[in-house]
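Here is what each chain is made of, one letter per residue.
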Amino acid sequence: MHNEMTDFPKRFYQRLLLDYDHKLNVEGINGKRLAERLAKLAGIGLTPNNGSSRMGFSEEERKAKKLVKEWMKEAGLEVREDGAGNVFGRLEGKENDSPVVMSGSHLDTVPNGGHFDGTLGVLLALEVVAAWKEKGYQPTKPYEVVIFTDEEGSRFNGGLSGSGAMVGEVIREEQLKLIDVFGNSFEQVLEEAGLTVDGYLSAKRNLKEIAAFVEVHIEQGKQLEKENLPVGVVTGIAGPCWIEVSFLGIAGHAGNTPMNDRSDALTAASQFILQVETLPSKVSPSAVATVGKVHVHPNGVNVIPGKVTLCVDIRDIHKETRDLLVDKITESAKQVASDRGISVEITENFRITPVPISIQMQGKVMKAVENHVRSSHLSPSGAGHDAMIVGRHLPIAMVFVRSKGGISHNPMEWTSLNDCVIAARVLKDLVEDLTM
Ligand SMILES: [Zn+2]
């Protein structure tokens, strides 16, 4: 009988190899092996739209981890799982007392997500070891391939559960308050996954034992595609700040209120939104600000809007410039309201500290990139990653890999095998440099 679900991994594999340049296989790196593994993982949590649904702490996430653990053992790694379900595959170095260099990402996905987000970072970290094994290479410092649990956060509307536990950024009371999308408590979810709250909290590692963390991730944007480059250097991970702005005018009849006697909250909001667009470039080349959500009250065709509430998402990789931008946007809202003789209320919903990547680490990534690609493209990551939470405590590096059309969190997510293998080569050089 024809079975769409079991056919998909095979077709996915064939599509990956279709335009693969086998000359990219060097120094033990093997595109075919990588394609096979990507395809096998694509079969776990496969959705009817050929997407991936592997929610954090789910059976699908566990199945995916189990499979990668087998590959870790095959590559000669010593495999260990901590109380948060994070998996570490360790290769001893020539000097085992040295702190470890880590690389990896996550295997959970958003509902009906793609087959590269997270997965690629884990498999490339593993490909480095597989390549070393073939060549009989042993690094000086120890190296660990890591799979972090529940990065995406679609379970508890949070995320970074595994990496947060490893660096000790979790608080028992806060965790116990969590309820997942099915109405289950954090404790119940852990129990179903064979874990406990005590175990989860014990996942904190002695951070002195870790020298650095490297994450390779699909770009989830179009910059590398535009530059026609397979990989790029990440300069930092932007921290978002969300502010809610309400302009309070006076609702009135659209026919009976003369134009010079109005307190229109929507025209004020419009003027403000246009100003928001001009402000980021005044503070920093990497800053961005977006108004993506607007509520108009009472929202009637023949009523002058009396109240408009909107949210501004403000990001940059440097705290100082991101905070300066928040101030400028806040001032702008107050100025527009005062010029128009209406009032404004501003509430800050949250402010997450951005994580810049050190110039020294960026330099190491650039060197590795330029061994394989004509030039380095530097860009910040607008989205959060495990590297963000780890980067608050430890040196980190991040490499982006070109995403077709910038599409992600979607079954259409695609990165060519050529680009994946170039990223593997870059990661191998970078890890060899860091474990030297
Ligand atoms: Zn991801």
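Heads up: these notes are all about the structure in this document. (Residues numbered from 1 in each chain as written. Predicted model: local features only at pLDDT ≥ 70, side-chain atom pairs only at ≥ 80, totals over all residues. Heavy atoms only, no water.)

Let's talk about the overall build of the protein
In terms of regular secondary structure, the protein is built from 15 helices and 15 strands. Taken over C-alpha atoms, the radius of gyration comes to 24 Å for the protein, in line with the 22 Å a tight globule of 436 residues would show. Taken over 436 residues, the protein has a buried fraction of 56%. Taking contacts inside the protein between residues at least 6 apart in sequence as the whole, the part at least 24 apart equals 79%. When the accessible surface of the protein is split by element, carbon and sulfur atoms take 51% of a total near 19,100 Å². Both charge centroids of the protein, one from 48 positive and one from 58 negative side chains, sit 3 Å from each other. (Helix = DSSP H or I, 4+ residues; strand = E, 2+ residues; numbered from the N terminus. Rg over C-alpha atoms; globule rule 2.2 N^0.38 Å. Buried < 20%, exposed > 50% of the residue type's maximum accessible area, 1.4 Å probe, protein only. Contact = heavy atoms within 4.5 Å. Areas by Shrake-Rupley, 256 points an atom, 1.4 Å probe, with all protein chains shown as cover. Lys, Arg positive; Asp, Glu negative; His and termini not counted. Charge placed at Lys NZ, Arg CZ, Asp CG, Glu CD.)

Notes on the coordination of the zinc ion
Taken together, the protein donors to the zinc ion comprise His106 (NE2), Asp117 (OD) and His217 (NE2), at separations of 2.0 to 2.2 Å. Linear spacing of the donor residues for the zinc ion on their chain is H-x10-D-x99-H. Of the two residues, His106 is situated in strand E3 (residues 100–106) and His217 in strand E5 (residues 210–218); the sequence distance between them amounts to 111 residues. (Donors = N, O, S within 2.8 Å, 3.2 Å for Na, K, Ca; no water.)

Focus on the nonpolar core
Residues Phe12, Leu41, Val68, Tyr143, Val390 and Leu417 are the most contacted members of the largest nonpolar core, which totals 92 residues. In terms of residue count, the dominant contributor to this core is helix H15 (residues 417–434) (eleven residues). Setting aside residues no more than four positions away along its own chain, Val390 makes contact with Phe148, Ser163, Met166, Val167, Phe213 and Ile396. Counting residues in hydrophobic clusters, the runner-up holds 24 residues, among them Val245, Ala268, Ala289 and Ala337. (Core = buried A, V, L, I, M, F, W, Y, C linked by side-chain atoms within 4.5 Å.)

Quick word on the sheet that holds strand E7 (residues 239–248)
Strands in a sheet are paired, the pairing made by backbone hydrogen bonds, and the direction either parallel or antiparallel. Strand order in the open sheet made by the four strands is E9-E11-E7-E12, with antiparallel pairing throughout. Because the sheet does not close on itself, it has two edges, and the strands there are strand E9 (288–297) and strand E12 (343–351). Sheet twist, expressed as the average angle between the axes of neighbouring strands with direction ignored, equals 15 degrees. By the bridge criterion, ten bridges tie E7 to strand E11 (residues 307–316) in an arrangement that is antiparallel. Residue pairing in the sheet places Gly239 in a bridge with Asp316 of E11. (Pairing = 2+ DSSP bridges. Axes fitted to C-alpha atoms, helices over the stretch in contact; angles between N-to-C directions.)

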